[in-house]
Amino acid sequence: HKSCVKIRKNGGTASIIGMMLRTKDFQVFYRKRQLDYPTNFEIEVSNNVMAMLDEIYQEGTIYRSTGVMLENIVYSDSRQQSFFEDEKLVKNRNLAKAIDKIEDKFGSNTIRIGY
């Protein structure tokens, strides 16, 4: 959430999401996903991270740390618009702006995302 808020406030979007798990023996498992459309919306990032977690998580293994990376960040509002851009993407952008406004007014972590 914090990363998405930071890049949103600076007008950025990420087109690659990375997810890392480190075991107690310091073995690292890492996955990346190239997104169809760059995003700065935490629900979209979370959905991709959870899918990658399902791919690499091994039950019974003890993990010491996790990490989520947003890559290929572009700070520009002049990205090429897609003719086929989904109405859902527009709604996600508007929802993200609303979340930011509420947190600006009432403080961070006022709204949390549930699953």
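For the structure itself, consult the block above.
Predicted, not measured: the structure shown is a model, and the values here were computed from it.

(A) Quick look at the overall build of the protein. Each helix and strand in the protein was counted, giving three helices and three strands. Walking the protein from its N terminus toward its C terminus, one meets helices and strands in the order α-β-β-α-β-α. Reported as C-alpha extents along the three principal axes, the dimensions of the protein are approximately 45 × 35 × 25 Å. Every one of the 115 residues in the protein was classed for burial, and the buried ones make up 32%. Contacts spanning at least 24 positions in sequence make up 69% of the contacts within the protein whose residues lie at least 6 apart. For the protein, the accessible surface area stands at approximately 8000 Å², while carbon and sulfur atoms represent 51% of it. Both charge centroids of the protein, one from 18 positive and one from 15 negative side chains, sit 5 Å from each other.

(B) Main features of the layout of surface pockets. Of the pockets and cavities examined, the second largest pocket occupies roughly 200 Å³. Forming the walls of the second largest pocket are Leu 35, Asp 36, Tyr 37, Phe 41, Ile 43, Glu 44, Asn 47, Asp 86, Lys 88, Leu 89 and Asn 92. Elements supplying a minimum of two residues to the lining of the second largest pocket: β2 (28-39), α2 (42-56) and α3 (87-106). Within the lining of the second largest pocket, the residues separate by chemical class into five nonpolar, two polar and four charged.

(C) Here's a closer look at the nonpolar core. Within the largest apolar cluster, 14 residues are counted, with the highest numbers of intra-cluster contacts made by Ile 17, Met 19, Val 45, Val 49 and Leu 70. Of all elements in the fold, only α1 (2-9), β1 (12-23), β2, α2 and β3 (63-75) reach the threshold of two or more residues within this core. Sequence-distant contacts of Leu 70, that is, excluding residues within four places in its chain, are made with Ser 3, Cys 4, Ile 7, Ala 14, Ile 16, Ile 17 and Val 45.

What counts and what doesn't
For every chain, the first residue of the written sequence is number 1, and numbering continues from 1 onward in sequence order. Where local features are concerned, this predicted model is filtered to residues with pLDDT of at least 70; where side-chain atom pairs are given and counted, the filter is 80 or more; whole-chain, interface and lining totals use all residues. Excluding hydrogens and water, the side-chain values take into account all heavy atoms of the structure. By the criteria applied, helices consist of DSSP H or I runs no shorter than four residues and strands consist of E runs no shorter than two, each listed in order from the N terminus. Relative accessibility under 20% of the residue-type maximum defines a buried residue, over 50% an exposed one, and the middle range a partly exposed one, all with a 1.4 Å probe and only protein chains included. The contact criterion used is simple: two residues touch if any of their non-hydrogen atoms lie within 4.5 Å. We get accessible surface area from the Shrake-Rupley algorithm with a probe of 1.4 Å; when it comes to residues, only the shown protein chains can shield them. Positive charges come from Lys and Arg, negative ones from Asp and Glu, while His and the chain ends are left out of the count. A single reference atom marks each charge: NZ on Lys, CZ on Arg, CG on Asp, CD on Glu. A cavity here means a set of 1 Å grid points, computed over protein atoms only, where a 1.4 Å probe fits but cannot escape. A pocket is an open set with protein on both sides within 12 Å along at least 5 of 7 lines, and lining residues have an atom within 4 Å of a point. Grid points are joined across faces, edges and corners, and a volume is the space filled by probe spheres set on the points. Note on residue categories: nonpolar means Ala, Val, Leu, Ile, Met, Phe, Trp, Tyr, Cys or Pro, charged means Asp, Glu, Lys or Arg, and polar means any other residue, Gly included. We call a set of buried Ala, Val, Leu, Ile, Met, Phe, Trp, Tyr and Cys residues a nonpolar core when their side-chain atoms join them within 4.5 Å.

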